[in-house]
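Geometric and topological summary
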Amino acid sequence: MTETVLLVGGGGREHAVARSLADSDAELYACAGNKNPGIVELAEGFETLDTTNPQAVTTYARDIDATLAVVGPEAPLAAGVADALDDAGVYAFGPQEAEARIETDKAFQRRFMREHDIPGCPDFETFEDMEAACEYIDEYDGDLAVKPAGLTGGKGVRVIGDQCTPEEAKEYLRDSDYDRVVLEERLVGEEFTVQAFVANGQLRVTPAVQDHKRAYEGDEGPNTGGMGSYTDAGLELPFMDEGDYEDAVDVLRATVEALDGYKGVLYGQFMLTETGPRVVEFNARFGDPEAMNTLPVLNTDFLDVLTAARDDEDIPQLSFQPKATVCKYAVPDGYPTDPESGAKVTIDEDNAGEAILYYASVDQRADGIYTTTSRSYAVVGVADTIAEAEEIAESALERAGTEGLRVRHDIGKADLVQQRIDHMTEIRGDD
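Described below are features of the structure shown in this document. Being a predicted model, the structure only gives us computed values, none of them experimental. (Residues numbered from 1 in each chain as written. Predicted model: local features only at pLDDT ≥ 70, side-chain atom pairs only at ≥ 80, totals over all residues. Heavy atoms only, no water.)

Remarks on helix H3 (residues 54-63)
Among the residues of H3, Val57, Thr58, Tyr60 and Ala61 are the ones counted as buried. Along the axis of H3, the buried positions cluster into a sector of 160 degrees, meaning they face one direction only. Along H3, exposed side chains directed more than 90 degrees from the buried face belong to Gln55, Arg62 and Asp63. Packing partners of the buried residues in H3 comprise strand S1 (3-8), strand S2 (26-32), strand S3 (45-48) and helix H5 (81-87). Sitting at the head of H3, Asn53 places a side-chain oxygen 3.0 Å from the backbone nitrogen of Gln55. (Buried < 20%, exposed > 50% of the residue type's maximum accessible area, 1.4 Å probe, protein only. Helix = DSSP H or I, 4+ residues; strand = E, 2+ residues; numbered from the N terminus. Arc of directions from axis to C-beta. Contact = heavy atoms within 4.5 Å. Polar contact = N/O pair within 3.5 Å; in protein donor to acceptor, adjacent residues only side chain to side chain.)

Brief notes about the layout of surface pockets
There is about 270 Å³ of room inside the second largest pocket. Arg19, Ser20, Asp23, Leu295 and Leu298 are, among the 14 residues lining the second largest pocket, the residues nearest its centre. Those elements that provide at least two residues to the lining of the second largest pocket are helix H1 (12-22) and strand S20 (356-359). Ranked by the residues each element gives to the lining of the second largest pocket, the list is headed by H1, at 4 residues. Among the residues making up the lining of the second largest pocket, the classes are represented as 8 nonpolar, 3 polar and 3 charged. (1 Å grid on protein atoms, 1.4 Å probe; cavity = no way out; pocket = protein on both sides within 12 Å on 5 of 7 lines; lining within 4 Å. Points joined across faces, edges and corners; volume = space filled by probe spheres on them. Nonpolar A, V, L, I, M, F, W, Y, C, P; charged D, E, K, R; others polar.)

A closer look at the packing of aromatic side chains
The full count for this structure, using the stated rule, is 10 aromatic pairs. Seen from their ring centres, Tyr172 and Tyr178 are 5.9 Å apart, and the 70 degrees between their planes marks the pair as edge-to-face. Relative accessible area serves as the criterion here: at 16%, Tyr172 is assigned to the buried category. Using a relative accessible area of 25% as the deciding quantity, one classes Tyr178 as partly exposed. A network of ring pairs unites the aromatic residues Phe93, Phe197, Phe286 and Phe302 as a single cluster. (Phe/Tyr/Trp six-rings, centres within 6.5 Å; stacked < 30°, edge-to-face > 60°.)

A closer look at the sheet that holds S1
Across the sheet, 5 strands lie side by side as S3-S2-S1-S4-S5; this open sheet has parallel pairing. Of all the strands in the sheet, the pair left with one neighbour each is S3 and strand S5 (91-93). Direction aside, neighbouring strands of the sheet carry axes that sit 20 degrees apart on average. Sheet analysis places strand S4 (residues 68-71) next to S5, joined by 3 bridges and oriented parallel. Paired with Leu68 across the bridge in S5 is Tyr91. (Pairing = 2+ DSSP bridges. Axes fitted to C-alpha atoms, helices over the stretch in contact; angles between N-to-C directions.)

Focus: the pairing of strand S22 (residues 368-371)
Covered by surrounding structure in S22 are Gly368 and Tyr370 together with Ile369 and Thr371, the residues of both alternating faces. Sheet analysis places strand S19 (residues 344-345) next to S22, joined by 2 bridges and oriented antiparallel. Bridging across to S22, Lys344 finds its partner in Tyr370. The pairing of strand S21 (residues 362-365) with S22 spans 4 bridges and is classified as antiparallel. Across the sheet, the residue bridging to Arg365 is Gly368, located in S22. Here S21 folds back onto S22 in antiparallel fashion, the turn holding 2 residues.

Examining the pattern of salt bridges
Taken as a whole and assessed by the stated rule, the structure comprises 32 salt bridges. Of the charged contacts in the structure, one is a salt bridge between Glu3 and Arg310, with a shortest N-O distance of 2.8 Å. One end of the pair, Glu3, is in strand S1; the other, Arg310, is in helix H12 (residues 302-310), with 307 residues separating them in the sequence. The class for Glu3 is buried, based on a relative accessible area of 6%. Classification of Arg310 by relative accessible area gives partly exposed; the value is 24%. Through salt bridges with shared partners, a single ionic network connects Arg13, Glu14, Glu74, Glu103 and Arg285. (Salt bridge = Lys/Arg side-chain N within 4 Å of Asp/Glu carboxyl O.)

Focus on empty space enclosed by the protein
Summed over the entire model, instances satisfying the criterion amount to 1 cavity of 30 Å³ or more. Size it by volume and the largest cavity reaches roughly 50 Å³. Put simply, the parts of the chain that give the lining of the largest cavity at least two residues each are S4 and strand S16 (264-273).

Considerations on helix H14 (residues 414-428)
For an α-helix, 3.6 residues make a turn, and residues three or four places apart therefore share a direction. In this model, H14 (15 residues) spans 21 Å end to end at C-alpha, consistent with the 21 Å of a helix rising 1.5 Å per residue. Residues of H14 that are buried include every one of Leu416, Val417, Arg420, Met424 and Ile427, and no others. Take H14 and look down its axis: the buried residues cluster within an arc of 110 degrees, on one side only. With respect to the buried face of H14, the exposed residues turned more than 90 degrees away are Ala414, Asp415 and Glu426. Immediately beyond the C-terminal end of H14, within one or two residues, lies Gly429, with a positive phi of roughly 70 degrees. (Expected span 1.5 Å × (residues − 1).)

Side note on unusual backbone geometry
Of note, the amide linkage connecting Tyr335 to Pro336 takes the cis form, showing an omega dihedral of 5 degrees. Of note, Asn200 is a non-glycine position whose phi angle comes to about 55 degrees, a positive value. You can see Asn200 is positioned in the loop between strand S10 (190-199) and strand S11 (202-205). The phi dihedral of Asp219 falls on the positive side, at around 60 degrees, and the residue is not glycine. In this structure, Asp219 sits in the loop between strand S13 (214-216) and strand S14 (220-223). Judged by relative accessible area, which is 24%, Asp219 ranks as partly exposed.

Quick look at the structure:
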């Protein structure tokens with residue numbers, strides 16, 4: 001039987017999912033608040049709707065006789081879209097609202113880790129009173145990360161000793177309208193992500209990825225949704241060893257065992273510290289851009305993962321090409337603080353060269369594709385080494401030009417990768 005798959009979401013992450021399903025024996029439909037031209041080209045049908053409206057999504061799913069759904073972004077998960085699809089008889093590969101709290105409620109996330117003895121949990125406290133939180137900053141012996149408990153698109157965290165002073169952190173809290181915050185020990189090391197497919201109590205893991213959140217080269221500037229990322233040709237990154245990766249997977253495995261009935265993608269963001277991986281956060285979906293690194297090198301048919309999950313069967317063991325990947329995002333000038341929209345996007349499939357093109361937040365008009373105020377598109381190089389993959393991505397960007405756009409050109413370059421290696425060598429005290 002041919003499966004009819006509904007993809008919910010219209011960003012670069014969802015374009016990567018659409019590509020991964022395009023070659024399978026499935027009819028792909030999609031819905032999103034924005035019309036992603038890359039997804040539109042791959043899908044049998046596309047509906048523009050509010051993806052945080054469960055009724056709107058389920059109505060469209062019924063209209064197309066969907067047999068499966070993949071929920072991409074976190075906002076629909078928080079709104080209960082997976083619950084509604086499941087209730088409508090359409091298996092949603094994505095956690096229901098209660099399980100998605102592992103991402104959508106950081107206070108719940110930390111308390112969950114503490115209650116279930118999940119390894120890698122930092123010291124933390126949660127606050128509803130911002131003045132009490134400020135007092136905690138004054139009293140704490142060390143630096144803290146200040147995290148709003150709810151969703152902020154990866155841009156709400158302030159780290160004392162890195163991004164701000166204690167006084168600036170307190171001012172941030174007092175000026176905010178947050179109703180709950182988490183204050184936790186600052187973790188020092190190198191960040192990495194491991195994503196896992198989860199269903200029926202099983203998990204299957206993907207290669208480690210390192211994202212680059214800071215807006216400007218040299219890891220300067222404010223946090224963003226992610227300016228780009230890279231993987232190596234194996235499961236680990238150059239600054240990791242096999243034991244580091246296995247420790248991170250053990251954390252994910254313990255989390256899945258404690259999360260009864262979880263399904264979809266579980267994303268663990270880790271800080272590799274002197275004592276091993278510690279948990280920065282969990283996400284309840286693919287990362288963006290991390291999905292664009294891992295899905296292109298996945299040999300296993302993603303549709304087989306979805307059908308096994310739905311049919312209560314063993315999830316297939318995953319196979320990946322032994323290739324490195326480098327992803328670089330093009331974002332509008334001024335992003336993320338004061339982005340300028342309306343620049344014409346000149347890259348397309350024909351001038352991307354060897355790179356893979358993923359559209360994110362763009363406006364498709366009669367005379368072309370234009371930027372909005374969010375990340376515009378990403379290019380991904382795939383090659384035997386990180387250096388070769390970086391050259392492929394950079395070549396695609398050179399063809400496109402960057403008028404009205406900005407790119408972190410340093411992502412994946414040898415000197416920045418070596419800085420990560422040297423940093424971990426210093427932290428660990430290795431000779």
